[in-house]
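Report on the structure
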Amino acid sequence: MKFFYLSSNPNENGIHEVHDRECEHIPSAYDRDYLGPYNTGKEALRKALAIKEKVGLCESCCTSKVSSFISSMKD
């Protein structure tokens, strides 16, 4: 199990990225929110969608077949 965080500040595309604790691109402690322990980034993404409108997985640490997956919550 890994520990995941959500960037408080969006990237240049307006997406808040999910990172695992060991990611080289993880924001500073002041610029991220703790999501919790999850088996995969995709699981952490579900939690992140409850916090922010536009979220995505970090391509560096959350690599998988859905690494480029970006989701936004719609009414």
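Use the structure listed above.
Residues numbered from 1 in each chain as written. Predicted model: local features only at pLDDT ≥ 70, side-chain atom pairs only at ≥ 80, totals over all residues. Heavy atoms only, no water.

1. Observations concerning the packing of aromatic side chains
Applying the stated criterion across every chain, the model contains three aromatic pairs. An angle of 55° between the planes, with centres 6.5 Å apart, marks the rings of F4 and Y38 as tilted. Pair noted here: F4 is in strand β1 (residues 2-7) and Y38 is in strand β3 (residues 32-38), with a separation of 34 residues, a long-range link. Taking NZ or CZ as reference, R32 lies 4.6 Å from the ring centre of Y5, over its face. (Phe/Tyr/Trp six-rings, centres within 6.5 Å; stacked < 30°, edge-to-face > 60°. Helix = DSSP H or I, 4+ residues; strand = E, 2+ residues; numbered from the N terminus. Lys NZ or Arg CZ within 6 Å of the ring centre and 35° of its normal.)

2. Comments concerning the pairing of β1
Of the strand pairs in this sheet, β1 and β3 are connected by six bridges, and their pairing is antiparallel. Bridge pairing links S7 to R32 in β3. Inspection of the sheet shows β1 paired to strand β2 (residues 16-20) by three bridges, in the antiparallel sense. Residue pairing in the sheet places L6 in a bridge with V18 of β2. (Pairing = 2+ DSSP bridges.)

3. As for the side chain of D20
With respect to the helices, strands and loops of the structure, D20 is situated in strand β2. Within the structure, D20 has its side chain in polar contact with the side chain of K2 (distance 3.4 Å). Within polar-contact distance, the side chain of D20 engages the backbone nitrogen of C23 at 3.0 Å. The contact partners of D20, leaving out residues within four places of it in the chain, are K2, F3, F4, I26 and C61. (Polar contact = N/O pair within 3.5 Å; in protein donor to acceptor, adjacent residues only side chain to side chain. Contact = heavy atoms within 4.5 Å.)

4. A few points about the environment of G36
For G36, the position within the fold is in strand β3. For G36, a relative accessible area of 3% puts it in the buried group. In this view, G36 contacts K2, F3 and F4; residues no more than four positions away in its chain are not counted. (Buried < 20%, exposed > 50% of the residue type's maximum accessible area, 1.4 Å probe, protein only.)

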